Every structure is written in structure tokens, then in C-alpha cells.
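One-letter residues, chain by chain:
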Amino acid sequence: MMPNVLINNLPYLLKGALVTLELSVVVLIAGNLLGLVIGIVATSVGRIGQSLITAYIFVLRGIPILVIMLLGYYAFPALGYRVPAYVAVGVAQIIYVSAFVAEIVRSAILSVPSGQIAAARSLGMRRFSILKEIVLPQATRIAIPPLLNNSLTAIKQTSYVSVVGVWELTYAAREVVERTLASFQIFLGVMAIYFIICYPLSLLARRWERRAAVVQ
Amino acid sequence: MPMIEIRDLRKSYAELEVLKGISFDVEKGEVVVVLGPSGSGKSTMLRCINLLEEFQGGGIRIDGEAIGYTTTEGGKRRRRKEAENAKLREQVGMVFQSFNLFPHRTVLQNVMMGPLKVKGIARREAEALARDLLKKVGLLDKADQYPARLSGGQQQRVGIARALAMQPKVMLFDEVTSALDPELVGEVLRVMRQLAQEGMTMIIVTHEIHFARDVGDRIIFMDHGAIVEEGPPANILANPKSDRFKQFLRRYQGDYLDT
């Protein structure tokens, strides 16, 4: 009788999983893109710009995701805007993720030895060309594993949106548990679903690791 | 008109003045060797010529064109546009102590980088040029290797080929053999000697005094950011005038007498 509780409620949970998946895709794409831009800008602007970006990264990294979630949820009403909860928390998640991505991108770019940039400049290469031909290809190789890792974290922390009442997998699970009181079975099932969502990315990270090792 | 004209070149880092008014000319086809202890400013001077370093006073002209800065009628100094400076850098080839090859590109791609991405010439043409140059430095068989698979001497020869691919008017060598094992120095110097014989205008910063005497048309000795002595190698090495140059030569005399 016990596993039946999970099986009976599986369609409902999978509907939640679909929302989690949608939210993850949006947060990953927007968060990584925003972070990429911030990271690249951080390495090519003057001191004031750098300080601003450093502040952005440090502040966000120093805040728990849960607090960011709540802040995002209350920020829009406080500023006089009415937006749906899922938009507010989605934006908060994107900004949060972008800070981590920016830091990874920034440090990967800075890890390219300055001698190579001097060599490229001495050939007469322009800034954009140096970034495209010399810096980014090498920085990408360095940044991919931590970026994939970061993306896994980002997917999992979408579950925090449930605390402000946004309906997705974790929220759906809590509803089912309240109804059935079969907390253990349901959360075991939810665990499996999260794992299945994350597994392809984990595999990708491993495969990239192997590929990078071959190139070296 | 000299190929390179340096007038009262001055550079400081905050309070520290590292170049205290350097002036000299290099004629077309001339090979000038710059000697000096570390910290004498010779590498910095070289990097200024290629505008890898900014400088605060004086001027540098390559083939009559002012590098980095122009001075208006009223004597006001203005930095040239980045695009103009990039254009000027194309005419000056530079080879570095630490090679600085692009590790994610093959030897051939390293040499093709300038012609393809700066001059924008056709790939086939760039490849033919690059293969020619690799042949010249004796590394045609390494064309498809990545730099990490090459010895230091081979990497440095690729560095020379990469700089030559831009068909520069002037070549600058910044202690290009200092990071090499002794047995690999010869192969790099051989390529440089050949370039000198072909009439390339060169400034060479080095500690290889024997090479300086053989290949240099003129030697400049720098110390503490200024030129202390200069002259034809035979004279200046045999009869150093200043104590500082004597001392310098004594320190490197081992190398000098060996060869």
C-alpha cells in the first residue's frame, strides 16, 4: 500500500517537476548570460567599474539564497510594482546566480597569462580580437567545470521559491504530504526526480573533465 | 631618416623614474644590441617602442611615424587613437623572453594569427606565408604540434616566425635566450644572425656578449635608466670607459672568454 501513495501522486509531482524544469532553464540561461557579461566587463573596465562589480559579487555571495528569495518577493511591492510572485523570485534567482557566474568568468579570464596578451598586442591585434581569439578560448576551458557545478546548484536552489508560495516540485510535494501524511515516501520520490533532472548535467561535467584532460 | 628614432624617452612608475631620457637612432638594416644589468630599464625601453608600456616624456618614431603620442603645435602631448597605435604596432615585431606562444593554437596557427586576424589576408595565403617562415626557422615539421610539445628553443623560434609573419619593419628581441637551457641558445641565435644578415632592422636586448660582438653593428650599455656608453662592438668591448660597464663586462666575462 505504501508505494501506491507515491505512484498515485506521481502525475501531480511530475507537473511540479515540469515547472521546476522551466524555472531552471530560464534561471540558467539568463543567470549564465548575465554573469558572463558582468564577468567580461569586470576585466575590461576602469577601477570604478571594477569596484562596483566587486561589490555586486561580494554582496550577493554573502547573502543566503533564502533571504534573496524573500527580498525579491517583497522588493517589488515595496517599490510600488505589482508583479506575479514567480516573476519576482525568478528575477532574484537570476541575479543571485549571475554573481557566482561573474566571479567564475572573471577569474578564468584573469588566469590567461598577461604575456600572451602582450604578444597579441604586439602583433597589432585589437582588444575585441584578443578577447575572442586568445582570452575566451582559454578561459572557457578553465571555466566550464565550475560553471556546470554552479548550474547544478542553481537548479536545486529553485526549490526555495516554494517558501513564498510559488508552485513547483517542492511546493507540490508539501501539498501531497499534507494530504496523505506519507512524508517519507513522497520526499523520497521528489529526491529521485531532482536527481533525474540534475543527472545529465553531472554527466556532462564528467565528460568535459575527461575531454579537457585529453587536450592537455 | 633613421628607421627608429628615440628622443629623450622618459618613463616613471609613480616616483620611480625608470627611463631618464634615452636618445638614440637606429638606421635601416642596423643591428643595435642593448646590454645592461637587470633593472637598468632596457626591457622597459624595448616595450615602450612597441607601446606595451606607456611613457611620460619624449618621443619615439618608427620610419618617421610617432608612436603612442603626438605633440601639437602648442607643445601639448596627446595620446594617439588606439586604432592608430595598433596599426603602428603591426610594423614592429617583438619576441619575448618567455615566448608567450598561444598554447591553445598549433604552431602553424600561432604564426598565422597576425596575418589572419590583423591584416585579414586570405587563409590560403596566410598559411603559405606561415609555412615559409616555419621553414626559415627550421620547424616546418612541427607545424601541427601544440607549443607545449616543443622545446624552449623551438618555441622561441616559433615566436620569431610569428613576429615575422606581420612583415614588420623592425624586430625587437627582449632577452629571448635568457629562459633557455644553454644547449638551446645556439639555435635561436642562429636564426637571429640570419635575420641580421638579411638586413632586418633590429634592437636586441641580451646578455650574450659574444653574440653582441659578432652580430651587433653598435652596442648600447644602459644602467639605471640611462645610456652610459655606446659604440661599435670592437671598440666598446675592448675599451670600456666607465667603471659600471667594466664591472658589467667582468661579471659576464666568463661567457665572453668562453666563446
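To be clear, the structure that these remarks concern was listed above.
Presented here is an overview of the structure given in this document. What you see is a predicted model; the values in this text were computed from it and never measured. (Residues numbered from 1 in each chain as written. Chains lettered and ligands numbered in written order. Predicted model: local features only at pLDDT ≥ 70, side-chain atom pairs only at ≥ 80, totals over all residues. Heavy atoms only, no water.)

The next point concerns unusual backbone geometry. Residues and elements named next belong to chain B. With a phi angle near 50°, Asp8 is a residue other than glycine that sits in the positive phi range. Phi at Phe99 is positive, roughly 65°, even though this residue is not glycine. If you trace the backbone, Phe99 turns up in the loop between strand E8 (92-95) and helix H3 (107-119). (Helix = DSSP H or I, 4+ residues; strand = E, 2+ residues; numbered from the N terminus.)

Before going further, it helps to spend a moment on the packing of aromatic side chains. Throughout the structure, instances matching the rule amount to eight aromatic pairs over all chains. Arranged with centres 5.1 Å apart and planes meeting at 70°, the rings of Tyr73(A) and Tyr74(A) form a pair that is edge-to-face. Assessed through its relative accessible area of 53%, Tyr74(A) is described here as exposed. Feature note: the residues Phe221(B), Phe245(B) and Phe248(B) constitute an aromatic cluster, connected by ring pairs. Its end group placed over the ring of Tyr12(A), Arg179(A) keeps NZ or CZ at 5.9 Å from the ring centre. Lying across the ring of Phe102(B), Arg162(B) places its NZ or CZ 4.6 Å from the centre. (Phe/Tyr/Trp six-rings, centres within 6.5 Å; stacked < 30°, edge-to-face > 60°. Buried < 20%, exposed > 50% of the residue type's maximum accessible area, 1.4 Å probe, protein only. Lys NZ or Arg CZ within 6 Å of the ring centre and 35° of its normal.)

A few words on the packing of helix H4 (residues 85-110) of chain A against helix H6 (residues 127-156) of chain A. Residue and element names in this part refer to chain A. Relative to each other, H4 and H6 sit at 150°, their axes nearing to 8 Å. Here H4 is positioned roughly antiparallel relative to H6, judged by the angle of their axes. Handedness of the crossing formed by H4 with H6: right-handed. Seen from H4, the contacting residues are Gln93, Val97, Phe100, Val101, Ile104, Ala108 and Ile109; seen from H6, they are Val135, Leu136, Ala139, Ile142, Ala143, Pro146, Leu147, Asn150 and Ala154. Of the residues belonging to the contact of H4 with H6, the class tally is 14 nonpolar, two polar and no charged. (Axes fitted to C-alpha atoms, helices over the stretch in contact; angles between N-to-C directions. Parallel < 35°, antiparallel > 145°, perpendicular 65-115°, else oblique. Left-handed = near helix turned anticlockwise from the far one by under 90°. Contact = heavy atoms within 4.5 Å. Nonpolar A, V, L, I, M, F, W, Y, C, P; charged D, E, K, R; others polar.)

All right, on to a nonpolar patch on the surface then. All names here are of chain A. A cluster of nonpolar side chains, namely Leu34, Leu79, Tyr81, Val83, Tyr86, Val87, Val91 and Ile95, defines an oily patch on the protein surface of about 700 Å² accessible area. If one sorts the elements of the nonpolar patch by residue count, H4 sits on top with four residues. As for its placement among the helices and strands, Val91 is situated in helix H4. (Patch = residues over 30% accessible without salt bridge, like charges linked within 9 Å, V, L, I, M, F, W, Y side chains within 5 Å. Areas by Shrake-Rupley, 256 points an atom, 1.4 Å probe, with all protein chains shown as cover. Salt bridge = Lys/Arg side-chain N within 4 Å of Asp/Glu carboxyl O.)

Residue and element names in this part refer to chain B. Mapped onto the fold, Val111 is located in helix H3. Here Val111 falls in the buried class, since its relative accessible area comes to 0%. With near-sequence residues (within four places) excluded, Val111 lies in contact with Ala130, Leu133, Leu134, Val158, Ala161, Arg162 and Ala165.

With that out of the way, let us pick up the environment of Glu103(A). Residue and element names in this part refer to chain A. By the secondary structure assignment, Glu103 is in helix H4. When its relative accessible area of 17% is taken as the criterion, Glu103 is described as buried. Between the C-alpha atoms of Glu103 and Ile197, which are 94 residues apart in sequence, the distance is 25 Å. Those residues in contact with Glu103 that sit more than four places away from it in its chain are Ile57 and Arg61.

All names here are of chain B. Read across the sheet, six strands follow the order E8-E9-E10-E3-E11-E12 without closing on themselves; strand pairing throughout is mixed. Of all the strands in the sheet, the pair left with one neighbour each is E8 and strand E12 (226-231). The average angle at which neighbouring strand axes cross in this sheet is 20°, direction not considered. For strand E9 (residues 170-174) and strand E10 (residues 201-205), the ladder comprises five bridges, and the chain directions are parallel. From the neighbouring strand, Asp174 faces E10, where its bridge partner is Val205. (Pairing = 2+ DSSP bridges.)

Read these as layout, nothing more, since geometry by itself doesn't imply function.
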